[in-house]
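Read off the chains here:
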Amino acid sequence: MVNSDDCVRILLRSFDEDVRLKSTAPVKVQHMLKNIRYWFPGLAKVKFFPIKDLSIEKALLKIEHNHVTYNYKFGVLYCKDGQTE
């Protein structure tokens, strides 16, 4: 079983989008950053810093938790051949 403390969470926010990444297994931060720079070329020259203030980390985790959807609704639509309405 993977300890959640060993997993890495990354929240990338820009004017265009929010990207949330979470490892499901232990991963080295440097390896994760290398992948981020590969998949998001615009961040290739950005310098990342770890969060040192625990209160900021807790606030970001709270924001992240509030954006997670736990309930989903699914629907199935049926139609006959040639049906347009």
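Residues numbered from 1 in each chain as written. Predicted model: local features only at pLDDT ≥ 70, side-chain atom pairs only at ≥ 80, totals over all residues. Heavy atoms only, no water.

Before going further, it helps to examine the overall build of the chain. If you tally the helices and strands in the chain, you get two helices and two strands. Ordered by position in the sequence, the α and β elements of the chain form the string β-β-α-α. Burial statistics for the chain: of 85 residues in total, 12% are counted as buried. Across the chain, every contact between residues at least 6 apart in sequence was considered, and the portion connecting residues at least 24 apart equals 27%. As displayed, the chain has an accessible area near 8,500 Å², and 57% of this comes from carbon and sulfur atoms. (Helix = DSSP H or I, 4+ residues; strand = E, 2+ residues; numbered from the N terminus. Buried < 20%, exposed > 50% of the residue type's maximum accessible area, 1.4 Å probe, protein only. Contact = heavy atoms within 4.5 Å. Areas by Shrake-Rupley, 256 points an atom, 1.4 Å probe, with all protein chains shown as cover.)

Time to look at the packing of aromatic side chains. Throughout the structure, instances matching the rule amount to one aromatic pair. When the ring of Tyr 38 is compared with that of Trp 39, the centres are 5.1 Å apart and the planes differ by 85°; the resulting orientation is edge-to-face. When its relative accessible area of 60% is taken as the criterion, Tyr 38 is described as exposed. Take Trp 39: its relative accessible area is 63%, and that puts it in the exposed class. (Phe/Tyr/Trp six-rings, centres within 6.5 Å; stacked < 30°, edge-to-face > 60°.)

Moving on, we come to the nonpolar core. Val 8, Ile 10, Leu 12, Val 19, Met 32, Leu 33 and Ile 36 form the largest nonpolar core, which has seven residues in total. If you list the elements that add at least two residues to this core, you get strand E1 (9-13) and helix H1 (29-39). For this core, the leading source of residues is H1, giving three residues. (Core = buried A, V, L, I, M, F, W, Y, C linked by side-chain atoms within 4.5 Å.)

Time to look at the confidence of the model for the chain. In the predicted model, the chain carries a mean pLDDT of 78, and the fraction of residues at 70 or more is 89%. Across the chain, the secondary-structure element scoring lowest on mean pLDDT is E1, at 76, and the one scoring highest is H1, at 84. (pLDDT = per-residue confidence, 0-100.)

Before going further, it helps to examine the pairing of E1. Alternating positions in E1 separate cleanly, Ile 10 and Leu 12 being buried on one face and Arg 9, Leu 11 and Arg 13 remaining unburied on the opposite face. As judged from the five bridges shared by E1 and strand E2 (residues 18-22), these two strands associate in the antiparallel manner. Counterpart to Ile 10 in the pairing with E2 is Leu 21. Following E1, the chain reverses through four residues before pairing antiparallel with E2. (Pairing = 2+ DSSP bridges.)

The subject of this paragraph is a nonpolar patch on the surface. A cluster of nonpolar side chains, namely Ile 51, Ile 56, Leu 60 and Ile 63, defines an oily patch on the protein surface of about 300 Å² accessible area. Among the structural elements, Ile 63 can be located in helix H2 (residues 54-66). Judged by its relative accessible area of 34%, Ile 63 falls in the partly exposed class. (Patch = residues over 30% accessible without salt bridge, like charges linked within 9 Å, V, L, I, M, F, W, Y side chains within 5 Å. Salt bridge = Lys/Arg side-chain N within 4 Å of Asp/Glu carboxyl O.)

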